[in-house]
Amino acid sequence: MYRQAIHKLLSGLSDARLVLLATLCFATPFAGAYTYRTCDGNAIKWNGNQTTMYISTTSFPAGSTWDSRLQNAMWHWNNVKGSRFLYYVNRDTDGSHNDNNGRNEVYLDNSLGGGVLAVTVTRYHCYWLFGYQYGIDETDIGFNNNISWNLGSLNYSNLGSPYSFESVALHELGHALGLLHENRWMATMNSYYPNSGPLGHYKEWDPLADDRLGSRVIYPDSTTETDIAGSAFKRTGTGTSGLVSSPTYAYRGTNVTIQFTFSNQSTATKSFDISFYLSTNDYISTGDTYLGSNYGAWGSEGFTGTFSRTLYIPTTVAPGTYWLGFIVDPNNAISEAVESNNYMEMPRSITIY
Ligand SMILES: [Zn+2]
C-alpha cells in the first residue's frame, strides 16, 4: 500500500548530433503529455494542495545563494496559474536526513555517484478502505555533493558540468509535487539535463508549458495566466534537449536559416506574431535591424515547439559581429504575465562578411 519511488536526474547526452526539428507549420496538433501517478484514476497528490520543504541549513545555509535558488524554483512552481499547489519553506537544522520521517528534506547528498545529479524519493499511498485513499506522504530531495554546481546563470556554450543548480532544483521540485518524467515533448520534466533549458534573454528557469499543464491537471483551480516565452533550446530526442541551430557566419545579401522555439505558458490557446531581427548585441529589441515576421503563429495550452525561419541579410549591413534573434508578440498585442521572456537571441553570435 505504501510505496516508494526514486527519481534520479541523469546528466544528459552532452552532444547535439541528434535529430533536427524543422517543422514548417505552426498548426501542430498537441495533446497534453505530462505524467503523474494515479490511484483508481485519480491523481496522487498532496492533500490540501500544499506541502512544506525543509531546507537543510548545513547543506544550504539560510540566505545563501543555494537557498535563494531553491526558493526561486519553489516560487516558480507556486506561480503557475490554473494550479492551486503551493510550496512552503522551513529549515532543517539537525544536519541529518531520513526519507521516512514525515518531513520533506532538501539537502546535499554525499552518497550519490557520478552521472546522477539529484534524487527525489517520494512516499505515497493508494488503497481502498470504504473508498480509495490516496496521497503523497513524503518527498525528499538529495542533490549530488560529488559533482560541480553552477549557482549563476546558464552558459550556452557549456551544457555539461558545472550543472545549473536552479535547473535541477526546478526539475526535482516538479517530482516533489507529483509530476513524473515526460520525454515526448520539451519539458522541465524531461529525464535529462538541461531539461529543455531556461526561457528568454534572462535565462529564467520556469516550468515549461507541458509542466504547467501537468500541475494544473493535478491541482486545478480557476486562476488564469497569459504568457508566451522564447527559448534557445529544442528537443533533440527522448528526454534530451540542446541548443537551436543558427549559422556562425554569413555573407551580406544571402539567406540564412535559424531555428526558434516558443512555449505557450498560458492557460489557453494563444495566437501571436513573431518578428526576427539582427542585433549588434545579444539583446534583441524592436530597434534592431528588422528581418521579417511570422504572423498568426499559435500554440495550444501546454505547447512548446521549435520551428525554422529563413532570413535575408541585407546588403546594407556593415560587416562585423551580430546576433540573430526574435521577439514574440513584438507589438505587445497580448498583455502577458512576463514580457521579459519574449526577447530571445540565438545562443551564439554570427559574423557577417
Ligand atoms: Zn527526474
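Residues numbered from 1 in each chain as written. Predicted model: local features only at pLDDT ≥ 70, side-chain atom pairs only at ≥ 80, totals over all residues. Heavy atoms only, no water.

### What to know about the overall build of the protein chain
Summing up its helical and strand segments, the protein chain has 3 helices and 21 strands in all. Against the globule reference of 20 Å for 353 residues, the protein chain gives a C-alpha radius of gyration of 21 Å, in line with a compact fold. Principal-axis analysis of the C-alpha atoms places the extent of the protein chain at approximately 70 × 40 × 35 Å. Burial statistics for the protein chain: of 353 residues in total, 55% are counted as buried. (Helix = DSSP H or I, 4+ residues; strand = E, 2+ residues; numbered from the N terminus. Rg over C-alpha atoms; globule rule 2.2 N^0.38 Å. Buried < 20%, exposed > 50% of the residue type's maximum accessible area, 1.4 Å probe, protein only.)

### Let's talk about the side chain of S56
On the secondary structure map, S56 appears in strand 4 (residues 50-56). Not counting residues up to four positions away in its chain, the partners in contact with S56 are D92, V106 and Y107. (Contact = heavy atoms within 4.5 Å.)

### Let's talk about the sheet that holds strand 11 (residues 228-231)
Sheet architecture is open: 3 strands sit in the order 11-15-18, paired in antiparallel fashion. Edge positions in the sheet fall to strand 11 and strand 18 (304-312), since each has one partner strand and no second. Across this sheet, the average inter-strand angle for adjacent strands is 35 degrees, counted without regard to direction. With 4 bridges joining them, strand 11 and strand 15 (residues 255-264) adopt antiparallel strand pairing. (Pairing = 2+ DSSP bridges. Axes fitted to C-alpha atoms, helices over the stretch in contact; angles between N-to-C directions.)

### Thoughts on the coordination of the zinc ion
Protein-derived ligands of the zinc ion are H171 (NE2), H175 (NE2) and H181 (NE2), with the metal-ligand distances lying across 2.0 Å. Taken in chain order, the donor set of the zinc ion reads H-x3-H-x5-H. Residue H171 is located in helix 2 (residues 165-177), and its partner H181 is located in the loop between helix 2 and helix 3 (209-218); the two are separated by 10 residues in the primary sequence. Since its relative accessible area comes to 0%, H171 is described here as buried. (Donors = N, O, S within 2.8 Å, 3.2 Å for Na, K, Ca; no water.)

### A short note on the confidence of the model for the protein chain
Of the residues in the protein chain, 91% have a pLDDT of 70 or more, and the chain-wide mean is 91. Every residue in residues 12-32 is under pLDDT 50, and counting partners more than four places away or in other chains gives 40 contacts. (pLDDT = per-residue confidence, 0-100.)

### Quick notes on the packing of helix 1 (residues 65-78) against helix 2
Where helix 1 contacts helix 2, the axes come no closer than 9 Å and their chain directions differ by 45 degrees. Taken together, the axes of helix 1 and helix 2 lie oblique to each other. When you trace helix 1 past helix 2, the crossing you get is right-handed. Listed contacts from helix 2 to W66, R69, L70, N72, A73, M74, H76 and W77 of helix 1 are F165, E166, A169, L170, L173, G174 and L177. Its residues placed into classes, the contact of helix 1 with helix 2 shows 10 nonpolar, 3 polar and 2 charged. (Parallel < 35°, antiparallel > 145°, perpendicular 65-115°, else oblique. Left-handed = near helix turned anticlockwise from the far one by under 90°. Nonpolar A, V, L, I, M, F, W, Y, C, P; charged D, E, K, R; others polar.)

### Description of unusual backbone geometry
Cis peptide bonds are those with omega within 30 degrees of zero, and the linkage from S161 to P162 qualifies with -5 degrees. Here P162 lies in the loop between strand 9 (149-150) and strand 10 (163-164). Here the bond from Y193 into P194 is cis, since omega is 5 degrees, no more than 30 degrees from zero. At D40, a position not held by glycine, the phi torsion is positive, near 55 degrees. By the element assignment, D40 lies in the loop between strand 2 (38-39) and strand 3 (42-43). At N195, a residue that is not glycine, the phi angle is positive and equals roughly 55 degrees. Relative to the elements of secondary structure, N195 occurs in the loop between helix 2 and helix 3. On the basis of relative accessibility, which here comes to 2%, the residue N195 falls in the buried class.

### Observations regarding helix 1
Given a rise of 1.5 Å per residue, 14 residues ought to cover 20 Å, and the 20 Å separating the end C-alpha atoms of helix 1 matches this to within 8%. All of the buried residues along helix 1 are D67, L70, A73, M74, H76, W77 and N78. On the buried face of helix 1, the contacting elements are strand 4, strand 5 (86-92), strand 6 (104-109), strand 8 (132-144), helix 2 and helix 3. (Expected span 1.5 Å × (residues − 1).)

### A short note on the UniProt feature "domain: Peptidase metallopeptidase" (unreviewed entry) in the protein chain
The positions that UniProt labels "domain: Peptidase metallopeptidase" (unreviewed entry) are, in the present scheme, residues 42-221. As annotated, residues 42-221 comprises 21% helix and 29% strand, and the C-alpha atoms at either end are separated by 16 Å. (UniProt positions renumbered as here; feature names shortened; annotations may be inferred.)

### Notes on the pairing of strand 5
The pairing of strand 4 with strand 5 spans 7 bridges and is classified as parallel. The residue of strand 5 that forms the bridge with Q50 is L86. Viewed along the sheet, the connection from strand 4 through helix 1 into strand 5 turns out right-handed. (Right-handed = clockwise from strand over helix to strand, strands pointing away.)

### Some remarks on a nonpolar patch on the surface
Among the surface-exposed residues, W128, L129, F130 and Y132 lie close enough to one another that they form a single nonpolar patch of about 540 Å² accessible area. Looking at the element boundaries, Y132 is found in strand 8. (Patch = residues over 30% accessible without salt bridge, like charges linked within 9 Å, V, L, I, M, F, W, Y side chains within 5 Å. Areas by Shrake-Rupley, 256 points an atom, 1.4 Å probe, with all protein chains shown as cover. Salt bridge = Lys/Arg side-chain N within 4 Å of Asp/Glu carboxyl O.)

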